[in-house]
Amino acid sequence: MAHQIINRVDVGKGPLRLTLGSDAYQKIKASLEARLTALTEQKAVAYSTDADDYVMQ
C-alpha cells in the first residue's frame, strides 16, 4: 500500500481517491452501484420538474 501511495505522489496525476485492496474495491463498487440504482429510480421525478419555459443560454 505504501508503495502505491508513494507512486501516486511521484507521478503527480491520479485519482482524487486511491482504492487500495480488493475488499475496498468491492465495497466501493457495490455502494456506487446502489447509488446509481437509486438515482435511476428517481429519473422520472427529476425530469418531471423541468421548467417548460427555461431556455439554456
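Here the structure is a predicted model, which is why all the values come from computation and not from measurement. (Residues numbered from 1 in each chain as written. Predicted model: local features only at pLDDT ≥ 70, side-chain atom pairs only at ≥ 80, totals over all residues. Heavy atoms only, no water.)

Q: Before we go on, may I ask you to explain the overall build of the protein chain in this structure?
A: Assigned secondary structure in the protein chain consists of 3 helices and 0 strands. In the protein chain, the succession of α and β elements from N to C terminus is α-α-α. Taken over C-alpha atoms, the radius of gyration comes to 19 Å for the protein chain, far larger than the 10 Å a tight globule of 57 residues would show. Along the longest, intermediate and shortest principal axes, the C-alpha atoms of the protein chain span 55 × 30 × 5 Å. Counting the 57 residues in the protein chain, one finds 0% classified as buried. (Helix = DSSP H or I, 4+ residues; strand = E, 2+ residues; numbered from the N terminus. Rg over C-alpha atoms; globule rule 2.2 N^0.38 Å. Buried < 20%, exposed > 50% of the residue type's maximum accessible area, 1.4 Å probe, protein only.)

Q: Which parts of the structure should I look at to understand the packing of aromatic side chains?
A: Aromatic ring pairs are reported here in terms of the distance separating the ring centres and the angle at which the planes meet. All told, the structure shown has 0 aromatic pairs when counted by the stated rule. Sitting over the face of the ring of Tyr47, Lys43 holds its NZ or CZ atom 5.3 Å from the ring centroid. (Phe/Tyr/Trp six-rings, centres within 6.5 Å; stacked < 30°, edge-to-face > 60°. Lys NZ or Arg CZ within 6 Å of the ring centre and 35° of its normal.)

Q: Is there a simple way to explain the confidence of the model for the protein chain in this structure?
A: Keep in mind that low pLDDT regions are not for reading the predicted coordinates in detail. Put simply, the protein chain has an average pLDDT of 90, and 100% of its residues get 70 or more. Taken element by element, the predicted model of the protein chain shows its lowest mean pLDDT in helix α1 (residues 2–11) (86) and its highest in helix α2 (residues 22–41) (98). (pLDDT = per-residue confidence, 0-100.)

Q: Quick question: what am I supposed to make of the pattern of salt bridges here?
A: Any two side chains of opposite charge can pair, so long as their charged atoms come close to each other. Within this structure, the stated rule accounts for 1 salt bridge. Among the ionic pairs, Glu33 bridges to Lys29, the shortest N-O distance being 2.7 Å. Residue Glu33 and its partner Lys29 are located together in helix α2, separated by 4 residues, close to a single helical turn. Given the relative accessible area of 43%, Glu33 is considered partly exposed. (Salt bridge = Lys/Arg side-chain N within 4 Å of Asp/Glu carboxyl O.)

Q: For this particular structure, what's the right way to read α1?
A: Because each turn of an α-helix spans 3.6 residues, side chains separated by three or four positions in sequence point in the same direction. α1 sits mainly on the outside: 0 of its 10 residues count as buried. Positioned one or two residues after α1, Gly12 has a phi angle of 95 degrees, which is positive.

Q: What is the right way to look at a nonpolar patch on the surface in this model?
A: Nonpolar side chains collect at one region of the surface, where Met1, Ile5, Val9 and Leu18 lie side by side and expose about 420 Å² of accessible area between them. With respect to the helices and strands, Leu18 occurs in the loop between α1 and α2. (Patch = residues over 30% accessible without salt bridge, like charges linked within 9 Å, V, L, I, M, F, W, Y side chains within 5 Å. Areas by Shrake-Rupley, 256 points an atom, 1.4 Å probe, with all protein chains shown as cover.)

Q: Please clarify how the environment of Gln26 should be interpreted in this entry.
A: Assignment of secondary structure puts Gln26 in helix α2. Looking at Gln26, the relative accessible area reads 55%, which means it is exposed. A sequence separation of 14 residues divides Gln26 from Thr40, and the C-alpha atoms of the two residues are 21 Å apart.

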